[in-house]
Amino acid sequence: MAPTLVGFLVALSLRAAVYGSPPGPVVRCAAGNTDCTVTNAYGSFPDRSTCRVAAVARPSNEGELLATVSSAVVKRQHMKVVTVYSHSIPKLSCPGGPAGAGLAISTDLLSKVVSVDLASNRMTFEAGITLRQLLDAAAARGLALPYTPYWEGVTLGGMLGTGSHGSSLFGKGSAVHERVVGMRLVVPSPYPINGYRAKVVELVEGDEDLLAAKVSLGVLGVISQVTLQLEPTFKRSVTNRVERDIGFERTISTFAAATEFGDIIWYPAQAKVTYRDDVRLPISASGEGTNDFIGFRPQPSLIMVGNRATEELLEATGDSRGKCLLSKLQVTTLQETGGGLRNNDGSVLEFTGYPVVGNQSDMQTSGSCLTSGEDGLLTVCAWDPRIAGLFYQQTTISIPLTDIASFIAEVKKLRDLRPSAFCGIELYYGFLMRFVRSSTAYLGKTADSVDIDITYYRSHKPGTPRLDEDVLEEIEQMALFKFNGMPHWGKNRNVGFLNVREKLGAKGDKFVAAMTKYDRDGLFSSDWTDAVLGLGGKSPVNAGKGCALEGMCICSLDLHCEPDKGYYCKPGLVFPQARVCRKTGPPH
Ligand SMILES: Cc1cc2nc3c(=O)[nH]c(=O)nc-3n(C[C@H](O)[C@H](O)[C@H](O)COP(=O)(O)OP(=O)(O)OC[C@H]3O[C@@H](n4cnc5c(N)ncnc54)[C@H](O)[C@@H]3O)c2cc1C
């Protein structure tokens, strides 16, 4: 889930948000399809580096994909899939090997429905299809994919690349990869087959290697096609219920067990919790509601720029309380407007009250900023790097369900010590908590978990401390090390991936074995994927001046923070083993 910094001008933005400018390309080339740079939807990787590649290929069918991979294998060129919008934060879509020598393989033309089997409720898709296209195609056949990310701009291959999910503990849980029953991959071949140095591998249910391919960080090869087990479509009934946060941590497990699509948003500074009571209804239930989440609508650029300027001013003046005022207004407005839910009951108002009932494909996910007509950047997706709007980082960590109450209790201690330090996070939707089940996929979750999404301000200027950053760093380290949390592969700052290989245990070894089997020469691997998989002595962190300010390291020396601005490396307040950059003194 992403941020919602629609701020105190949300009402105005609702009225203005009619058109939109779809995002710009993530691959830009100096000459035709060669000499290119690759970025992500935010226009910046966590280490702020630029990814240069020799060329981009845009195959439009499996045959062309095979030829593309084969030609790169012959040249021993590193490759990586880049999707149409590239929504992952880490540097996942940048090929390995020497800078500027790799190949980006775009899947933007691989977005078709391949086949439909209504007898088994299965559909096969090309991997570049977006979630919205997929859900619409399924719904047109009376089928539904029940659990998915809340943002419809991701692709099928991209969701599988990072283990993306929605929220549910029902059945096999909310991860999209749990619905995969077959896959076709194009992988390097060590010897020529029919003239190609690449081959198509078909995996079906029961194949051990499918457990590696279902969540793969793109290091096995290119996913060409995916068969998903769908189910007959249904309706959903959604009510957002606001409660005080007293003792809520003890309700989480029972809420998750009882609420098929439920999630919880915690606003610690406001001591409030919003439970999303979201349940399944038969398709015959009445209601044509839709979910067009406000934060994913086209946002007026002027307002986004104004909001950002306000946020920067509050940062520069150290005004946590100013953030508290804004976030209170924002949260209240979101609650009163239904957050983007539409009843579609004939009223002139979008939202007339709960419950909002609608078709699964209209309720599960949204993202109208992607598909609105071009309006010359008057309105954009909130994080569009072409305007000086939102710029943020995300810490997204799954905590085992068995530990969640203890984790929240610890965070509450920190909140009680520094309540206003949480207001900045609340400008970006607080702590979004979603449920994901333990997975047999090697890079899937290692336990039934609560996935916590925390989004927060990032300065455009490298090396700039963030207001109250010590509190967030303490929570991050507590989640990762005290509670053994697993990072979301497609989000997080670099520190989120420390010790991941150890946390994966034997599953990590099995994954690496499959990776080596399919891509012996590591042509789909990069420094980043090696680092997160603990290979080749590479590490996701890198100590140096100011490295802890952006999560490029955990501080052990003051110079890893910013002593010139009064930020020193200090122990955590509640988790003393944490080392965080805290403003404790005057600048020197
Ligand atoms: C606004 C927003 C909301 C989000 N909401 C959620 C959410 O609700 N739940 C959640 O879990 N996540 C969420 N995310 C994160 C998102 O789901 C992941 O980052 C996802 O991986 C992005 O998919 P993508 O298609 O953009 O892939 P990318 O980010 O472009 O790619 C991810 C990885 O997969 C690889 N890859 C992609 N396609 C293929 C292929 N065909 N073959 C081989 N490798 C491939 C890429 O090389 C890369 O390594 C959200 C992100 C944003 C920006």
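Residues numbered from 1 in each chain as written. Predicted model: local features only at pLDDT ≥ 70, side-chain atom pairs only at ≥ 80, totals over all residues. Heavy atoms only, no water.

In the nomenclature of an unreviewed UniProt entry, the protein corresponds to L-gulonolactone oxidase from the organism Spirodela intermedia. What UniProt records for the protein under Catalytic activity (unreviewed entry) is the sentence "L-gulono-1,4-lactone + O2 = L-ascorbate + H2O2 + H(+)". What the UniProt record of the protein gives under Sequence similarities (unreviewed entry) is the line "Belongs to the oxygen-dependent FAD-linked oxidoreductase family." (UniProt positions renumbered as here; feature names shortened; annotations may be inferred.)

Novice: Could you give an account of the side chain of Glu231, with specific residues and numbers?
Specialist: Topologically, Glu231 is positioned in strand β12 (residues 231-232). Its relative accessible area of 15% is what places Glu231 among the buried residues. Within the structure, the side chain of Glu231 is placed 2.7 Å from the side chain of Arg280, a separation counted as a polar contact. Setting aside residues no more than four positions away along its own chain, Glu231 makes contact with Asn121, Gly142, Leu143, Ala144, Pro146, Arg179 and Arg280. (Helix = DSSP H or I, 4+ residues; strand = E, 2+ residues; numbered from the N terminus. Buried < 20%, exposed > 50% of the residue type's maximum accessible area, 1.4 Å probe, protein only. Polar contact = N/O pair within 3.5 Å; in protein donor to acceptor, adjacent residues only side chain to side chain. Contact = heavy atoms within 4.5 Å.)

Novice: How would you explain the packing of aromatic side chains if you had to name every residue and give the values?
Specialist: As enumerated under the stated definition, the model contains 18 aromatic pairs in all. Centroid distance Tyr42 to Tyr392: 5.5 Å. Interplanar angle 75 degrees. Geometry classified as edge-to-face. Taken together, the residues Tyr42 in the loop between β2 (34-38) and β3 (51-57) and Tyr392 in strand β21 (residues 392-400) connect sequence positions 350 residues apart. For Tyr42, a relative accessible area of 12% translates into the label buried. For Tyr392, a relative accessible area of 5% translates into the label buried. Through a chain of ring-to-ring contacts, the aromatic side chains of Trp151, Phe293, Phe296, Trp383 and Tyr429 assemble into a single cluster. (Phe/Tyr/Trp six-rings, centres within 6.5 Å; stacked < 30°, edge-to-face > 60°.)

Novice: Quick one: what's the story with the site of the ligand, residue by residue and with numbers?
Specialist: Among the 34 residues in the neighbourhood of the ligand, the closest are listed as Thr83, His87, Ser88, Thr162 and Arg434. Leu217 has a polar backbone atom sitting 3.4 Å from an oxygen atom of the ligand. Bound to the protein, the ligand loses 99% of the 970 Å² it would expose on its own. Assessed atom by atom at 2 Å from the grid points, the ligand resides in the largest cavity. Every element with two or more residues in the shell around the ligand is listed here: β4 (79-82), α4 (156-162) and β11 (222-229). Looking at the shell around the ligand element by element, the count peaks at four residues for α4. In terms of residue class, the shell around the ligand is made up of 15 nonpolar, 16 polar and three charged. (Near = heavy atom within 4 Å. Areas by Shrake-Rupley, 256 points an atom, 1.4 Å probe, with all protein chains shown as cover. 1 Å grid on protein atoms, 1.4 Å probe; cavity = no way out; pocket = protein on both sides within 12 Å on 5 of 7 lines; lining within 4 Å. Sits in = over half its atoms within 2 Å of the grid points. Nonpolar A, V, L, I, M, F, W, Y, C, P; charged D, E, K, R; others polar.)

Novice: Give a description of the environment of Ser106 that names residues and reports values.
Specialist: Here Ser106 lies in strand β5 (residues 103-106). For Ser106, a relative accessible area of 6% gives the class buried. Put simply, Ser106 and Lys272 are 166 residues apart on the chain and 43 Å apart in space, counted from C-alpha to C-alpha. Apart from the residues lying within four places of it in its own chain, the contact partners of Ser106 are Val56, Ala57, Arg58, Pro59 and Val82.

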